[in-house]
Amino acid sequence: MFRRDPIPPGEAIEILLDGAPFTARRGDTVANALLAGGITRFRDSVVSGAPRAPYCLMGTCFECLVTIDGTPNRQACLVTVEAGMRIERQSGAPSMLPESKA
Amino acid sequence: MSPQIPEAAELVIIGAGPAGMAAAIEARAAGTEVLLLDETSAAGGQIWRAVGTAPEARKTLLGKEYAAGAALVSEFAACGAQHVSGVSVWGVMPDENGRLRIGVRHNCAARLIEARAVILATGAQERPLPVPGWTLPGVMGAGAAQIALKSGGLLPEGRCVLAGVGPLLYLLADQFLRAGIIPAALVETPSPHRRTALTHLPGFLRAPTFRKGAGLMARVRRKVPVIAGAEALEVRGDSKAKALRYKRGGAWQEIEADLVLLHAGVVPSLHLSVAAGVPTRWNDVLRCFEPETDELGATAIAGLYIAGDGAGIGGAERALPSGRRAAQAALEHLGHNIDPARRDAARKDWHKADLGRAFIDRWFAPPPALLAPRGDTLACRCEEVTAGAIREAARLGAPGPNQLKTYLRCGMGPCQGRMCAASITEIMAEETGRTPAELGHLRFRTPVRPLSLGELAQLPAGENARRAVLGDAELPDTPLPLPPRAR
Ligand code: FES
């Protein structure tokens, strides 16, 4: 749904999206980096599991919630990317029980 | 920009948009200590988002008014206010001693800051437009797309349709055109106040916005198919948007779209002011609640002021003098004498910037039917509560939005009602025949931003809190260690 304008963006930096390398640009918000990289689904909704993506990009809708470096429910539109950041997309409601590690 | 947040300041300003920056500059000119807190990473607010770092070419693309923001951002940077960015403010709480405590989250820890005066300059949020399909990826606010352009240089890829009502639709279409993107269509829904708007035309004709706006609309109409008079909107798609449907003259039409940008104007951000205890009033033209303030921005709470769009929508031009006036009122509260000439100048600038506003407000007002969805359309996106369920609960006798919230959980998700509060009131008004003013809105409470227990646990524990947990047992002065994160 988005691409970058032809104006040279910031320097390329590597982050991890769901464990896979993903290129962002210095200065990007996490949300902009993902949108520019062709990501259309940021999370699955907590009740029905429907796909969701940023609606407001200004901190009001909370549709952009992702897990950043292990902390869940961060607003991707308010956080600036940093090299090596680990982003995970969230699916459904979190469990109250500690996840068993396979 | 210091990463450290002080524990107290004379004047705290929340928000680094036009109103907040203007207020900071005014207060610094009087020699007051100013702490300005902002959620984004750089000063400018949404209107001048990233203007301090945007490359020249992007500033040209976004237009003169955007580029002009850079001057204020540098003036603000040099004014001597302490600016801390990346801070979420979750509450402003008046205490018994007439001081205000500000709850903030910074670097994943909650903190309290004490202030003698606070100016809320948190601006506006884009009004949610709850049409069927609005939760699909590929649907977002037109304002959101503009933020993506300002802050990241993102442009729509594929077919893009703009829909709804408001000057921003034209402004954004024009910016897209400059960047070589031709929107597939601009679908406009009619304002119910166009006739009364015309009685305010003389003021608008004298306003600087008139010439600018007329030129802009003409440019867009030459290149973009503008479809006026759409009575209803709907987005179609399975896992993402595929088309925008609109009803016109009783018949549905469809336009293919990869990106649907919805807009119905902007409304004041109310969470902080309401949670602090500021009463609200209903604005029947703009169809939104506004905090009750006097003309300077003073609220019912001593020491608490509201400036800019957060006090009532007036745009960036009006936000500047509004910020200066709120700062003058706050300075007076802090014991300063205000030079009458300065006071007068700010008042004159405010009225000058207000010229044309009465026309614009009415010409671009949202049609109420569009704000009160029906059936399966989600009104509350977080808890996925349908408009139909809200209608049924209203018919069953829920007396107001807050009771309805306890029935259905609408407004209890992470956005805390920012996306559904207006729809709940609009739907209840339609179902019960009562006015939005009578019904009121969801009660917003502190903390107005989600805080984790771990973040909250970083707050220094007061004596009462200790007693509540430990009774008379002794506690060491050091904070309790955090439990290891559950894995
Ligand atoms: S996109 Fe709305 S909060 Fe981030």
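Residues numbered from 1 in each chain as written. Chains lettered and ligands numbered in written order. Predicted model: local features only at pLDDT ≥ 70, side-chain atom pairs only at ≥ 80, totals over all residues. Heavy atoms only, no water.

### A few points about the overall build of chain B
And step 1. Summing up its helical and strand segments, chain B has 19 helices and 22 strands in all.
And step 2. In summary, chain B has a C-alpha radius of gyration of 23 Å against a globular reference of 23 Å for 487 residues, a match within 12%.
And step 3. Its C-alpha atoms give chain B principal-axis dimensions of roughly 75 × 55 × 45 Å.
And step 4. For chain B, the residues scored as buried account for 56% of the 487 residues in total.
And step 5. Restricting the contact set of chain B to residue pairs at least 6 apart, pairs at least 24 apart contribute 67%.
And step 6. Summed over its atoms, the accessible surface of chain B is roughly 20600 Å², and 53% of this surface lies on carbon and sulfur atoms. (Helix = DSSP H or I, 4+ residues; strand = E, 2+ residues; numbered from the N terminus. Rg over C-alpha atoms; globule rule 2.2 N^0.38 Å. Buried < 20%, exposed > 50% of the residue type's maximum accessible area, 1.4 Å probe, protein only. Contact = heavy atoms within 4.5 Å. Areas by Shrake-Rupley, 256 points an atom, 1.4 Å probe, with all protein chains shown as cover.)

### A look at the overall build of chain A
And step 1. On a plain count of helices and strands, chain A comes out with one helix and eight strands.
And step 2. Listing the helices and strands of chain A from first to last along the sequence gives β-β-β-α-β-β-β-β-β.
And step 3. At 14 Å, chain A has a C-alpha radius of gyration in line with the 13 Å of a compact globule built from 102 residues.
And step 4. For the C-alpha atoms alone, the extent of chain A along its principal axes is close to 45 × 30 × 20 Å.
And step 5. Taking all 102 residues of chain A together, 46% fall into the buried category.
And step 6. Expressed as a percentage of contacts within chain A between residues at least 6 apart in sequence, the contacts between residues at least 24 apart total 40%.

### Digging into the interface of chain B and chain A
Bring the parts together and some accessible area is lost; that lost area is often taken as the interface size.
And step 1. If you look at the interface, chain B gives 51 residues, while chain A gives 41 residues.
And step 2. Summing both sides of the interface, chain B and chain A together bury roughly 3900 Å²; the carbon and sulfur share of this comes to 58%.
And step 3. The interface formed by chain B and chain A includes three salt bridges.
And step 4. Our enumeration of links across chain B and chain A arrives at twelve residue pairs in polar contact (both at pLDDT 80 or more).
And step 5. Only α2 (56-62), β7 (124-126), β8 (139-141), α4 (142-152), β9 (154-156) and β16 (259-264) of chain B provide two or more residues apiece to the side of chain B that touches chain A. (Buried area = accessible area lost by both parts, 1.4 Å probe. Salt bridge = Lys/Arg side-chain N within 4 Å of Asp/Glu carboxyl O. Polar contact = N/O pair within 3.5 Å; in protein donor to acceptor, adjacent residues only side chain to side chain.)

### With respect to the sheet that holds β8 of chain B
Backbone-to-backbone hydrogen bonds pair the strands of a sheet. The strands run either parallel or antiparallel.
Residue and element names in this part refer to chain B.
And step 1. Across the sheet, which stays open at both edges, the five strands sit in the order β8-β16-β10-β11-β12 with parallel pairing between neighbours. Both outer strands of the open sheet, β8 and β12 (226-227), are each paired with one neighbouring strand and no more.
And step 2. Contacting β8 and β16, α4 runs over the sheet at an angle of about 80 degrees to β8. (Pairing = 2+ DSSP bridges. Axes fitted to C-alpha atoms, helices over the stretch in contact; angles between N-to-C directions.)

### A closer look at the pairing of strand β15 (residues 251-256) of chain B
Residues and elements named next belong to chain B.
And step 1. Bridge analysis of strand β14 (residues 241-248) against β15 gives six bridges, and the strand direction is antiparallel. Across the sheet, the residue bridging to Ala243 is Glu256, located in β15.
And step 2. Between β14 and β15, which pair antiparallel in sequence order, lie two residues; one of them, Gly249, sits at a positive phi of approximately 55 degrees.

### Re helix α14 (residues 387-395) of chain B
Residue and element names in this part refer to chain B.
And step 1. Turning to α14, its buried residues are Ala387, Ile390, Arg391, Ala393 and Ala394. Looking down the long axis of α14, one finds its buried residues gathered within 165 degrees of arc, a one-sided arrangement.
And step 2. Just past α14, the residue Gly397 takes up positive phi, approximately 110 degrees. (Arc of directions from axis to C-beta.)

### Quick look at the pairing of strand β7 (residues 71-75) of chain A
Looking along a regular strand, one sees the side chains alternate between the two faces of the sheet.
Residue and element names in this part refer to chain A.
And step 1. For strand β6 (residues 65-68) and β7, the ladder comprises three bridges, and the chain directions are antiparallel. Bridge pairing in β7 places Val66 opposite Arg74.
And step 2. Counted along the chain from β6 to the antiparallel partner β7, the turn is two residues long, and its residue Asp69 has a positive phi close to 45 degrees.

### Examining unusual backbone geometry
And step 1. In this chain, Thr446 of chain B is followed by Pro447 of chain B through a cis amide linkage whose omega measures -5 degrees.
And step 2. On the secondary structure map, Pro447 of chain B appears in the loop between α17 (436-439) and α18 (453-456).
And step 3. If you check the backbone angles, Phe62 of chain A has positive phi at about 60 degrees while not being a glycine.
And step 4. Residue position: Phe62 of chain A is located in the loop between β5 (51-52) and β6.
And step 5. The exposure class of Phe62 of chain A is buried, given its relative accessible area of 3%.

### Comments concerning the confidence of the model for chain A
And step 1. Summing up the model confidence of chain A, the mean pLDDT is 91 and the portion of residues at 70 or higher is 91%.
And step 2. Looking at the elements of chain A, mean pLDDT is at its lowest for β7 of chain A, recorded as 93, and at its highest for helix α1 (residues 30-36) of chain A, recorded as 98. (pLDDT = per-residue confidence, 0-100.)

### Some thoughts on the packing of aromatic side chains
All names here are of chain B.
And step 1. Here the structure, examined in full by the defined rule, presents five aromatic pairs over all chains.
And step 2. Judged by centre distance (4.4 Å) and plane angle (15 degrees), the ring pair of Phe204 and Phe359 falls under stacked. Of this pair, Phe204 sits in helix α7 (residues 201-206) while Phe359 sits in helix α12 (residues 357-363), placing them 155 residues apart in sequence.
And step 3. The ring of Trp363 carries Arg194 above its face, with NZ or CZ at 4.2 Å from the centroid.
And step 4. Taking NZ or CZ as reference, Arg381 lies 4.6 Å from the ring centre of Trp134, over its face. (Phe/Tyr/Trp six-rings, centres within 6.5 Å; stacked < 30°, edge-to-face > 60°. Lys NZ or Arg CZ within 6 Å of the ring centre and 35° of its normal.)

### Remarks on the sheet that holds strand β13 (residues 232-237) of chain B
Residue and element names in this part refer to chain B.
And step 1. Pairing is antiparallel in the open sheet, where three strands are placed in the order β13-β14-β15. Strands with a single pairing partner mark the edges of an open sheet, and in this sheet they are β13 and β15. The average angle at which neighbouring strand axes cross in this sheet is 25 degrees, direction not considered.

### Notes on the pattern of salt bridges
And step 1. Applying the stated rule across the entire model yields 39 salt bridges over all chains.
And step 2. A salt bridge links Arg343 of chain B to Glu332 of chain B, with the shortest nitrogen-to-oxygen separation between them at 3.2 Å. Highlighted residues: Arg343 of chain B in helix α11 (residues 340-354) and Glu332 of chain B in helix α10 (residues 315-333), separated in sequence by eleven residues.
And step 3. A relative accessible area of 29% means that Arg343 of chain B is categorised as partly exposed.
And step 4. We classify Glu332 of chain B as partly exposed; its relative accessible area is 39%.
And step 5. Through salt bridges with shared partners, a single ionic network connects Arg43, Arg52 and Glu63 of chain A together with Arg381 and Glu384 of chain B.

### Quick look at the confidence of the model for chain B
And step 1. Chain-level pLDDT for chain B is 94 on average; 95% of the residues reach the 70-or-more range.
And step 2. Predicted complex metrics record ipTM = 0.94 and pTM = 0.93.

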